[in-house]
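Structural overview
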Amino acid sequence: MAQVTQVSTPSADQPGSVGSAGRSRTRGPIEGPGPTGPIERLMSTVIRKLAWSRLSDPKVAIAVSGVGLLLGMLVGATAPNVETLPIRLPLSYLLPSLGGHGIVGDVVATALLYTGDILACLGLAGMLWAHSQGWRPDPRRLLLVSAGIVAVMVSFTPVGSSDTASYAAYGRIASQGGNPYIISPHAWGDVAYTHVIGSAWKNTPSVYGPVATMIQSFAAWIGGPHVAITIWILMILNGAVFIGVGVLLLKTSDDPVRATLFWVANPVLIQQLVSGGHLDTFVAATAICAIQVARRVSGRWGDVLVGVLIGLACGIKITALLVALGLAWPLLRRHEWMRTTRIAVVALVTVALEYSFYGFDSLKPLLSASKLVALPSPWRLLQMVAEALGAHLSTTATVISFLWPIALIGVAWLIYRRISSDQPREVVAPFALTFAWILVAPWVFPWYTAMAWVTLTQVPRNRMTRWLAIVTVLLALWRSGGGQGTPVWLR
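Here is a short report on the structure shown in this document. (Residues numbered from 1 in each chain as written. Predicted model: local features only at pLDDT ≥ 70, side-chain atom pairs only at ≥ 80, totals over all residues. Heavy atoms only, no water.)

**Digging into a nonpolar patch on the surface**
The test is simple: Patches draw on residues past 30% relative accessible area with no salt bridge. Two like charges within 9 Å are joined, as are two nonpolar side chains (Val, Leu, Ile, Met, Phe, Trp, Tyr) within 5 Å. In short, Shrake-Rupley with a 1.4 Å probe defines the accessible areas, and a residue's cover is counted only from the protein chains shown. Salt bridges are counted wherever a side-chain nitrogen of Lys or Arg sits within 4 Å of a carboxyl oxygen of Asp or Glu. A run of H or I in DSSP counts as a helix once it spans at least four residues, and a run of E counts as a strand once it spans at least two, with each numbered from the N terminus. Think of it in three bands: with a 1.4 Å probe and only protein chains considered, a residue is buried below 20% of the maximum accessible area for its type, exposed above 50%, and partly exposed in between.
A cluster of nonpolar residues, Ile103, Val104, Val107 and Val108, forms a patch on the protein surface that exposes about 360 Å² of accessible area. By secondary structure assignment, the location of Ile103 is in helix H3 (residues 102–132). By relative accessible area, Ile103 is classed as exposed at 63%.

Right, here's the structure in full:
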């Protein structure tokens, strides 16, 4: 998959001498300072043993990643089934559907998807361990191979989520002159589109920003009454943006190999973002553009461009506000009041212009969604205890909606402090906030980690990498709702 270069000098990520196999003879592939707690010590022991196993051989790691991705594509190729939308995109006609085989078909589809998720995670870990031991693949070759995989994957039926069906329905409403923020897909009444939406979302208006609606409307304008075509266009656009981010990281990152491994060659992200067709790819794209401009372009026009990019990101999903806060934090600490004000004003004006097309009604679904709580979030356990004690559900949800942002700030601060102070704060702060959000938000999915991964590509090697990888794959295993509805444990 990629050329292997053996080096005789220390790895860029880990100090220490390197032997003939390119492996450090000192501390090995353990990121950052020594473990500080029992969980860290246990994880470090397990990782050290695995890191010196055959899994850290680049060829083995790449093979494991490839098998994981292949299993995920087989799920899409055998659509419709319990883990896909009830439609077929072009390449899903190559194999017979698993949907008509009852419980056996359901078990096979779920086993393929979950096994693929685990193998993708192991493959990613193996590639990162190999990199820490001196493996320096050609990032351009990695990019080309990943681009080929993505080009094929976008023509399979989306796997593991019904979100693309919701995107298509909102786009259909907007393209026909409706307002997806005040009317649900079911109320709009386009049966072809409503049929493919997960049961939990048929009556839910759009919680995405106006820029997302524009993208969805464009796809629906092309697809017209054919929902499969609309979803296919959304998949193609998403895949193109995913590869585009990979090109940007290759051109602008201090360590293009690490950045490529974390994003475009990351099998876990390929499965979650590309195979699932999620808009979080677009959010991550605008977020990393804002970060790179903030780091490299100075002056007023640079600040204006950063503000516009932040505004566009928030116009896709409001969670991009975390990146905005992360960029503002180092500016405020350096007392750069004028720059902070300029960026904030431009971002607010951009967001206001975007939302002016739909008015304040477009914020109502978002406010309602902000009170959703589900496992594996610990807030759901708190909610269940409160319910058992007789507290009203809406009251508990309101309390949680006030508490979790406070927890987010606290966790982000701990993450921020764990990363060396000599690293650029313009990337450390956005990463700390986006990763903390994944850990403490009441409602989170594996594809939400896109912003954390894309910001981590710019942060030099640290212990948070292992935690983000583990959290991402655990969410992938827990939160797979397929195309047929919401798993019981999410309700």
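**Re the packing of helix H4 (residues 139–153) against helix H9 (residues 227–252)**
The condition is simple: Angles run from 0 to 180 degrees between N-to-C directions of axes, and those axes are lines fitted to C-alpha atoms, restricted for helices to the stretch in contact. Angles are sorted into four bins: roughly parallel if under 35 degrees, roughly antiparallel if over 145, roughly perpendicular if 65 to 115, and oblique for all others. Residue contacts are counted whenever heavy atoms from the two residues lie within 4.5 Å of one another. Residues were grouped as follows: Ala, Val, Leu, Ile, Met, Phe, Trp, Tyr, Cys and Pro as nonpolar; Asp, Glu, Lys and Arg as charged; and all remaining residues, including Gly, as polar.
It is the contact of H4 with H9, at a shortest axis distance of 10 Å, that shows an interaxial angle of 175 degrees. As summarised for this structure, H4 and H9 are arranged roughly antiparallel, according to the angle between their axes. Facing Pro139, Arg140, Leu143, Ser146, Ala147, Val150 and Met153 of H4, the residues of H9 in contact are Met235, Gly239, Phe242, Ile243, Gly246, Val247 and Leu250. Across the contact of H4 with H9, the residue classes break down as 10 nonpolar, three polar and one charged.

**Some words on helix H12 (residues 280–296)**
The criterion, for reference: A helix's residues, less one, multiplied by 1.5 Å, set its expected span.
The end-to-end C-alpha distance of H12, which contains 17 residues, comes to 24 Å, matching closely the 24 Å that a straight helix rising 1.5 Å per residue would cover. Here H12 lies mainly inside the structure; 14 of its 17 residues are buried.

**Quick word on unusual backbone geometry**
Cis geometry marks the peptide bond from Ala79 to Pro80, where omega comes out at -5 degrees. Mapping Pro80 onto the fold places it in the loop between helix H2 (58–77) and H3. For His335, which is not a glycine, the phi torsion comes out positive at approximately 60 degrees. With respect to the element layout, His335 can be found in the loop between helix H14 (321–333) and helix H15 (337–355). According to the relative accessible area criterion, His335 is exposed, its value standing at 54%.

**Examining the environment of Leu363**
Note on placement: Leu363 falls in the loop between H15 and helix H16 (364–369). When the C-alpha positions of Leu363 and Ile182 are compared, they lie 9.6 Å apart, and in sequence the two are 181 residues distant.

**Section: the pattern of salt bridges**
Across all of its chains, the model carries 11 salt bridges by this definition. For Lys317, the salt bridge goes to Asp280, with nearest N and O atoms at 3.0 Å. A residue pair is termed long-range when its members are at least 10 positions apart, and Lys317 in the loop between helix H13 (300–314) and H14 and Asp280 in helix H12 qualify at 37 residues. Here Lys317 and Asp280 have matching classes, each one buried. The residue Asp303 makes a salt bridge to Arg339 at a minimum N-O spacing of 2.9 Å. A residue pair is termed long-range when its members are at least 10 positions apart, and Asp303 in helix H13 and Arg339 in helix H15 qualify at 36 residues. Overall, Arg339 belongs to the partly exposed group, its relative accessible area being 21%.

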